[in-house]
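The lines below spell out each chain.
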Amino acid sequence: MERRSSVFWEVGFLVLALVDIAYATLSPAGVNYEVVALMAIKNALRDPYSVLDNWDINSVDPCGWRMITCTPDGYVSALGLPSQSLSGTLSPGIGNLTFLESILLQNNAIAGLIPATIGKLEKLEALDLSNNTFSGDIPSSLGNLKDLNYLRLNNNSLTGSCPESLSNIGGLTLVDLSYNNLSGSLPKISARTFKVAGNPLLCSPKADNNCSGVFPEPLLLPPDDGKESGSKNHRVAVAFGASFGAAFSIILVIGLLFWWRYRRNQQIFFDINEQYDPEVRLGHLKRYTFKELRAATNHFSSKNILGKGGFGIVYKGCLSDGSVVAVKRLKDYNTAGGEIQFQTEVETISLAVHRNLLRLRGFCSTENERLLVYPYMPNGSVASRLKDQIHGRPALDWARRKRVALGTARGLLYLHEQCDPKIIHRDVKAANILLDEDFEAVVGDFGLAKLLDHRDSHVTTAVRGTIGHIAPEYLSTGQSSEKTDVFGFGILLLELITGQKALDFGRSANQKGVMLDWVKKLHQEGKLGLMVDKDLKGNFDRIELEEIVQVALLCTQFNPSHRPKMSDVLRMLEGDGLAEKWEASQKMIETSRFRSCEYPQRYSDFIEESSLVVEAMELSGPR
């Protein structure tokens, strides 16, 4: 009897333990603790433009809320509310979002203290509270954030000293504390870039600290206040030391030059044999050896090719630890700048962390090679799956296509409006939207256009993209902007509806011109059903079809200033504000009919007139 009772209680405890795990995110009252934490944040903030309206205490899942990103397991991983005109304070409840990897609240007017509870967020990698009105001390608890890579607290009203605890964080890439009211001495923070300019009490003429604004810098020795003879001797010693140092530097440079030439002649494959410490990292990115990636891809075998594009060839690889990765071997590596430039751009890409963006895992940089390592996406790209069937049904049914549209919009919104610095993709298309194991959309290839066009400023002359997706102004002038990506997103929506690639569209026997012109014609004639992918066999929502076509046509207006921002696009896809935007665009079209035509009526006219089409085709390449 006692044994039965013991077994009973053991089973009971096991069941309770399993229940406890299943409901780990629920409070005793049955409310998701992350929902409670987010509502505390919402209630402490003032939100004049109601960007947090759909944050609801009665919800059991915050992953569908605006400005929220979640892990595949459903935990909140990113809170992104930059430039939303928010004021009020930041609730200490933020410390209960224990899976947070990124907090981006820059460019608002949030005041009060920085909550010390942020130091509890062990997974946090990026914290940006810059350009607010935070006051008080920098919490010493931030030193507990061992995974922190990116810390920006600049342009606030912070006081006190810089916490010594920040020196405990080993993987910092950027620390910006500039333009506050900090005082005292500075700890030895091992960040690649450490900015402290604009702190009057920290960087005064009498301060012993380096006040140049960016660390590390060479320290300047104070002048000797001793006797004149000592001063003369000091100057003579300095002069002699300088002369000797210059001579030694010349000898050293010549010696290194001879060594380099000898090494280059001896090792034709210097870059392939060069070894790196596998633990060396750039921020949180692992630096792989070329030999390691060559072995993982079976010597870059053609059998392992996942895709080809304007930026290079992508190979499937299996690393020595058994993990499967995608290795992008960049072409045009000689135009990608030097090692420092390459690492800077790679760091920028790695800071873009969002559920709907492809996360950069690592890189390889040698004398003759540039490679990027990403997680492997088991379901390939949207382009590759549009015509696939699973048990006689399309792999991408209507519901999945709509989810792809929403996920892609969220990813692009993050790149344009929530990422600092912002990133313009410049080649938004179905081939660059990947699908994870749950068919969730993941935007790939972002940041690579700038990586290969490092010599250009914000205006580039190299058109990187795919004909049928490139915005008219980009084709005409080579000038890109966020609205260039909006145009590409509009074409992506049409690809999802039609099941066809914009580039291949005009090759069908019964269709002429480009996809956009054809869709406009069918929309004017009220024949939307004719444009829907036949493989769907009529299984689609006709009201949603009308709405998505309208969003696509708003995104692909010829004048970039008339196109909506990605934040507006996402709201319209979620059912908010489309009718007003569409009505306003129709009035604009009616008005323009009485004016001289600023733009051609057909997208195909732009393609025929553009002198950059050949270059764009070559840069894009097949996918």
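Before reading on, note that the structure itself is shown above.
Just so it is clear, the structure is predicted and the values come from calculations on it, not from any experiment.

Focus on the overall build of the protein
No. 1: The number of helices and strands found in the protein is 17 helices and 25 strands.
No. 2: The buried share of the protein, reckoned over its 623 residues, is 49%.
No. 3: Restricting the contact set of the protein to residue pairs at least 6 apart, pairs at least 24 apart contribute 57%.
No. 4: In the structure as shown, the protein presents an accessible area of about 31000 Å², 55% of it carried by carbon and sulfur atoms.

Description of the sheet that holds strand β12 (residues 181-182)
No. 1: Taken in spatial order, the four strands line up as β6-β8-β10-β12 in an open sheet, and their pairing is parallel. Only two strands of the sheet have a single partner each, and these edge strands are β6 (111-112) and β12.
No. 2: Two elements, strand β8 (residues 133-136) and strand β10 (residues 157-160), share two bridges in a ladder whose sense is parallel. Among the inter-strand pairings, Ser135 is bridged to a residue of β10, identified as Ser157.

Some details on the pattern of salt bridges
No. 1: The full count for this structure, using the stated rule, is 20 salt bridges.
No. 2: Put simply, Lys387 and Asp535 hold a salt bridge, and the shortest N to O gap is 3.6 Å. In this pair, Lys387 sits in the loop between α7 (382-385) and β22 (389-390) while Asp535 sits in the loop between α12 (515-525) and α13 (542-555), placing the two residues 148 residues apart along the sequence.
No. 3: Asp535 gets classed as partly exposed once you look at its relative accessible area, which sits at 25%.

Some details on the packing of helix α11 (residues 482-498) against α12
No. 1: Contact pair α11 / α12: the axes reach a minimum separation of 11 Å and the direction vectors enclose 70°. Of the possible angle classes, the one that applies to α11 and α12 is roughly perpendicular. Like other packed secondary-structure pairs, α11 and α12 cross with a definite hand, here left-handed. From α11, Phe487, Ile491, Leu494, Glu495 and Thr498 reach across to α12, where they touch Met515, Leu516, Trp518 and Val519.
No. 2: Here the residues of the contact of α11 with α12 are counted per class, giving seven nonpolar, one polar and one charged.

So, the pairing of β8
No. 1: Side chains Phe134 and Gly136 project from β8 onto a buried face, and the interleaved Thr133 and Ser135 project onto a face without burial.
No. 2: In this structure, β6 lies alongside β8, joined through two bridges in parallel fashion. By the bridge assignment, Ala111 is partnered in β8 with Thr133.

Concerning the nonpolar core
No. 1: Residues Leu372, Val382, Phe489, Val569 and Leu573 are the most contacted members of the largest nonpolar core, which totals 82 residues.
No. 2: Non-local contacts of Val382, meaning those with residues more than four positions away in its chain, are made with Leu396, Val404, Ala430, Ile433, Leu435 and Leu496.
No. 3: Listed in part, the 52 residues of the second largest apolar core include Leu124, Leu129, Phe134 and Ile138.

So, the packing of helix α8 (residues 398-418) against helix α14 (residues 566-573)
No. 1: Contact geometry of α8 with α14 gives a least axis separation of 8 Å together with a crossing angle of 155°. When the interaxial angle is binned, α8 and α14 end up roughly antiparallel. When the axes of α8 and α14 are compared, the crossing they make is left-handed. For the pair α8 and α14, the contacting residues are Lys402, Ala405, Leu406, Ala409, Arg410, Leu412, Leu413, His416 and Glu417 in the first and Met566, Ser567, Leu570 and Leu573 in the second.
No. 2: A per-class count over the contact of α8 with α14 returns eight nonpolar, two polar and three charged.

Side note on the layout of surface pockets
No. 1: Of the volumes computed, that of the second largest pocket is approximately 600 Å³.
No. 2: Looking at the second largest pocket, it is lined by 20 residues, and the ones nearest its centre are Thr71, Pro72, His354, Arg355 and Arg359.
No. 3: Residues belonging to the lining of the second largest pocket are distributed by class as follows: eight nonpolar, four polar and eight charged.

Focus on the packing of aromatic side chains
No. 1: Going through the model one piece at a time under the given rule, you end up with five aromatic pairs.
No. 2: Pairing Phe290 with Phe300 gives two aromatic rings, centres 5.6 Å apart and planes at 40°, and the pair type is tilted. Residue Phe290 is found in helix α5 (residues 290-296), and its partner Phe300 is found in the loop between α5 and β17 (305-309); the two are separated by 10 residues along the sequence.
No. 3: Look at Phe290 and you get buried, because its relative accessible area is 3%.
No. 4: On the numbers, 5.8 Å between centres and 50° between planes, the contact of Trp398 with Phe540 is tilted. Residue Trp398 is found in helix α8, and its partner Phe540 is found in the loop between α12 and α13; the two are separated by 142 residues along the sequence.

Criteria and cut-off values
- Residues numbered from 1 in each chain as written.
- Predicted model: local features only at pLDDT ≥ 70, side-chain atom pairs only at ≥ 80, totals over all residues.
- Heavy atoms only, no water.
- Helix = DSSP H or I, 4+ residues; strand = E, 2+ residues; numbered from the N terminus.
- Buried < 20%, exposed > 50% of the residue type's maximum accessible area, 1.4 Å probe, protein only.
- Contact = heavy atoms within 4.5 Å.
- Areas by Shrake-Rupley, 256 points an atom, 1.4 Å probe, with all protein chains shown as cover.
- Pairing = 2+ DSSP bridges.
- Salt bridge = Lys/Arg side-chain N within 4 Å of Asp/Glu carboxyl O.
- Axes fitted to C-alpha atoms, helices over the stretch in contact; angles between N-to-C directions.
- Parallel < 35°, antiparallel > 145°, perpendicular 65-115°, else oblique.
- Left-handed = near helix turned anticlockwise from the far one by under 90°.
- Nonpolar A, V, L, I, M, F, W, Y, C, P; charged D, E, K, R; others polar.
- Core = buried A, V, L, I, M, F, W, Y, C linked by side-chain atoms within 4.5 Å.
- 1 Å grid on protein atoms, 1.4 Å probe; cavity = no way out; pocket = protein on both sides within 12 Å on 5 of 7 lines; lining within 4 Å.
- Points joined across faces, edges and corners; volume = space filled by probe spheres on them.
- Phe/Tyr/Trp six-rings, centres within 6.5 Å; stacked < 30°, edge-to-face > 60°.

On their own, these measurements won't tell you what the molecule is for.
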